[in-house]
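Examining the three-dimensional arrangement
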Number of protein chains: 2
Amino acid sequence: MRDVFIVGVGLTEVGKRVDIALRDLAAEAMVKAMEDAGNEKPEAIVVGNMLSSLVEQENLAALIADHAGLRGVSGFKAEGACGSGGAALLAGYSLISSGLFNKVLVVGIEKLHERPTPDTARGLAYAADADYELIYGISFAGLNALVMRYYMNKHGVTREEMAHWAVMMHENAYHNPYAQLRKKITLETVMNSPVIADPVRLFDSCPLSDGAAAIMLVSEKYRKLNDTPVRVAGIGNALDSPDLSSRFELDRFIAAKLSTERALKMANASINDIDVAEIHDAYSIVAAISVEEIGFAARGKAPKLWAEGRFRLGDRPVLNPSGGLKARGHPVGATGVYQVAEVAMQLRGDFPGLKVGGEVGLAQNIGGVGSNVTTIILRR
Amino acid sequence: MRDVFIVGVGLTEVGKRVDIALRDLAAEAMVKAMEDAGNEKPEAIVVGNMLSSLVEQENLAALIADHAGLRGVSGFKAEGACGSGGAALLAGYSLISSGLFNKVLVVGIEKLHERPTPDTARGLAYAADADYELIYGISFAGLNALVMRYYMNKHGVTREEMAHWAVMMHENAYHNPYAQLRKKITLETVMNSPVIADPVRLFDSCPLSDGAAAIMLVSEKYRKLNDTPVRVAGIGNALDSPDLSSRFELDRFIAAKLSTERALKMANASINDIDVAEIHDAYSIVAAISVEEIGFAARGKAPKLWAEGRFRLGDRPVLNPSGGLKARGHPVGATGVYQVAEVAMQLRGDFPGLKVGGEVGLAQNIGGVGSNVTTIILRR
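Residues numbered from 1 in each chain as written. Chains lettered and ligands numbered in written order. Predicted model: local features only at pLDDT ≥ 70, side-chain atom pairs only at ≥ 80, totals over all residues.

Next up on the list: the overall build of chain A. What chain A contains, in helices and strands, is twelve helices and twelve strands. Along the longest, intermediate and shortest principal axes, the C-alpha atoms of chain A span 55 × 45 × 40 Å. Every one of the 380 residues in chain A was classed for burial, and the buried ones make up 65%. Across chain A, the fraction of contacts at a sequence separation of at least 24, relative to all contacts at a separation of at least 6, is 79%. (Helix = DSSP H or I, 4+ residues; strand = E, 2+ residues; numbered from the N terminus. Buried ≥ 20, exposed ≤ 12 C-beta atoms within 10 Å, placed from the backbone. Contact = placed C-beta atoms within 7 Å.)

Right, let's talk about the interface of chain A and chain B for a bit. Many analyses report the size of an interface as the accessible area lost when the parts associate. Contact with chain A, which involves 51 residues of that partner, is made by 51 residues of chain B. For the side of chain A that touches chain B, the secondary structure elements donating two or more residues are helix H2 (60-67), strand E3 (74-79), helix H3 (84-97) and strand E8 (230-239) of chain A. Looking at side-chain class alone, the side of chain A that touches chain B contains 25 nonpolar, 17 polar and nine charged residues. With three bridges connecting them, E3 of chain A and strand E3 (residues 74-79) of chain B associate as antiparallel partners. For Ala 78 of chain A, the partnering residue across the bridge sits in E3 of chain B and is Ala 78 of chain B. (Nonpolar A, V, L, I, M, F, W, Y, C, P; charged D, E, K, R; others polar. Pairing = 2+ DSSP bridges.)

With that settled, consider the packing of helix H5 (residues 140-155) of chain A against helix H9 (residues 284-294) of chain A. Residue and element names in this part refer to chain A. Across the interface, H5 lies against H9 with an axial gap of 9 Å and an inter-helix angle of 60°. Here H5 lies oblique to H9, going by the angle between them. Seen along the crossing, H5 lies across H9 with a hand that is left-handed. In this structure, H5 uses Asn 144, Val 147, Met 148 and Tyr 151 to contact H9, whose residues at the interface are Ile 285, Val 286 and Ala 288. Across the contact of H5 with H9, the residue classes break down as six nonpolar, one polar and no charged. (Axes fitted to C-alpha atoms, helices over the stretch in contact; angles between N-to-C directions. Parallel < 35°, antiparallel > 145°, perpendicular 65-115°, else oblique. Left-handed = near helix turned anticlockwise from the far one by under 90°.)

Let us look at the relation of the copies chain A and chain B. Superposing chain A onto chain B requires a rotation of 180° together with a translation of 0.0 Å along the rotation axis, leaving an RMSD of 0.0 Å. Here the symmetry operator amounts to a two-fold rotation axis. Minimal C-alpha distance to the rotation axis in chain A is attained by Ser 98 of chain A, lying at 1.8 Å. The overlap is high: 100% of the interface residues of chain A also sit at the interface in chain B, so the same surface is used on both sides. (Least-squares fit on C-alpha atoms with pLDDT ≥ 70 in both.)

Take Asp 240 of chain A: it is sitting in the loop between E8 and helix H8 (254-267). Distance in space between the C-alpha atoms of Asp 240 of chain A and Val 373 of chain A is 8.6 Å, their sequence separation being 133 residues. Residues within four places of Asp 240 of chain A in sequence aside, it is in contact with Phe 253, Ile 254, Ala 255, Gly 370 and Ser 371 of chain A together with Ala 62 and Arg 71 of chain B.

Let's shift gears to the confidence of the model for chain A. When pLDDT is averaged along chain A, the result is 97, and 100% of the positions lie at 70 or above. Reported confidences for the modelled complex are a pTM of 0.98 and an ipTM of 0.98. (pLDDT = per-residue confidence, 0-100.)

With that out of the way, let us pick up the pairing of strand E1 (residues 4-11) of chain B. All names here are of chain B. Counting buried residues along E1, eight of its eight residues qualify, which places the element largely inside the surrounding structure. Looking at chain direction, E1 and strand E7 (residues 210-219) are connected through seven bridges and run antiparallel. Within the sheet, the bridge partner assigned to Ile 6 lies in E7 and is Leu 217. Relative to strand E8 (residues 230-239), E1 is paired through two bridges, and the arrangement is antiparallel.

All names here are of chain A. Considered domain by domain, chain A is made up of domain 1 (4-116 + 209-230) and domain 2 (123-207 + 233-379). A separation of 22 Å is found between the C-alpha centroids of domain 1 and domain 2. Between domain 1 and domain 2, the residue contacts involve 38 residues of the former and 35 residues of the latter. Going through the elements one at a time, strand E1 (4-11), H3, strand E4 (103-111) and strand E7 (210-219) are the ones with two or more residues in the side of domain 1 that touches domain 2. With eight residues, H3 is the single largest residue contributor to the side of domain 1 that touches domain 2. By residue class, the composition of the side of domain 1 that touches domain 2 is 23 nonpolar, twelve polar and three charged. (Domains from an automatic or database assignment.)

Residue and element names in this part refer to chain A. Direction vectors running N to C along helix H1 (residues 22-36) and H2 enclose 65°, while the axes themselves pass 9 Å from each other. Handedness of the H1/H2 crossing: right-handed. Seen from H1, the contacting residues are Arg 23, Ala 26 and Ala 27; seen from H2, they are Leu 63, Ile 64 and His 67. In the contact of H1 with H2, the residues fall into four nonpolar, one polar and one charged.

Printed below as a string of structure tokens:
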């Protein structure tokens, strides 16, 4: 298997980006990533996106490649709900590792503010099971609320403990120029915020976000395009049933565990090697289960650890120095690409927010309620 | 680069499949392909699909893997408009060739009859440019009509010559048990059929189709799972601008030419080696340009050749013994998988319709109006 390196990253500011068209936002990230890779052009692109259908646009690979000046390259879109960015990176990795290409640009793009919020919320629920869940009128927040209630009851976790996650994420995002919510909050902010789907409150939940991120992946031959190439040491993906009623345990994401095991095995690494990680905290309950399935905490213990002050700068591992989905924002199909770009920048030492440094980093991107999970291990 | 082999194919009957749910139709094809591969299960799946958003369902890889008894495998959806099946095969090929996996099941699935026809027709136009084309109210048939009018005028091709394609496709499909339109027609049928978008008539156009097809791809180690493994000798993909107004030549599909060149180079083959091909005849004009870009005819000459009786059984190459998109049907995201499965069965000798045989086959799957094209070369 040929080694794959990250030699360029490009981020755009996450937020309500009604100032810019989808194709322009994507091209901004792509051009930045190409500049970071010595102005090298890719031979192929893979686009991570979930919901461009809401603006009546598919065929994004062709659309975006052309707009970024790459007409004639190869490419397609990869989709795995909110895990589309991770899926695109898996596809991009394999296109290079296979020997088919030497330079592949992976770009995640999502614009959720192009449609009225109720339409977008409905679109996000396409990640769930239309025939067995959505038909009963449940929302995506409602599905996560079911898991959160069950988890808190089973493990004796308090509302306050859960709430500390959001406070930490806003503290981290305060320093990140690309983050959507760059303001510090208190525990009271979370505890007094409106209930969205009991027990999920507004500040347990990530915002609606627009954003684009791009990563230039290359083979060994092109690693010198950047002074500090970062190696993709491991990549693992796993699928679970979207339909929660058919899960064996409601407080677990088996796909997150499987994908972590696969990534660590491929990287020949242990969880104790990880210095910094970006995890998928679409809701605080998703953060808790993700942290536990990766192995950073025992089952049911993640919220107690973060309420005690763990996972912050100075601890090891540091979680979500970007501010996470909660405060950097969650431009759905782009999120997995943001995460990996942010971890790569931490290892390179040039992340423009909180600087963690380190040798080994991890990113976990989750689609659905734990139904399509990609975990990636990077080494400096 | 590791060799990749086809050791299992599974087709479902194309048509108006309101008798069966999307996940069941996909699972039917997947189970058939696994049975054909000695009941072996894959480690990963790639789903080719364009328009499941119309039924408010994304995250298809997780949904379909679970339903087919494959919970826990890796996977994602690949999309490239009507070229989604080819894109899924490119992704599946690279997942194996990279060494990440040894067994990958590629499944194409589309159900276009789940929504009223106007909604579906609007959805198909997501392959075009929403901001620069659809906003003016043009349909996908309308875009193809622009190209057809230009092509016929420029090359002096008559309406009758174009019409022979549909007659040939219906003759071929008559023998294919999986085909949607198993009835022979005459030149008059085409010439007297209603105008959809002048000069495109109803019988220049493929039908709306539901269908699923699956292919088990494996590495060298598993080629013995089938008595007659077929090697994927070459695979090439290229993107062009979806927006026709920015093309250099309206009667050409440069992406089709590039993808053919890439596939032939990888297969170390020439166009003269091809015994049988399945090409993407969504409209008769698409068939003409595809045939010419592949190199089976000089520019502007394809309709003259097929009107003279070329490309039929006994000639070389034989085109679309399945009946093509025109008469086998065009279940959008599944079409590329049907094409490759059909060519593989021709080389194996067990295609249940017209039997061509041969050593080398080609399939070309086109997304948009020539904006995302994958060409695949198979060798027995």
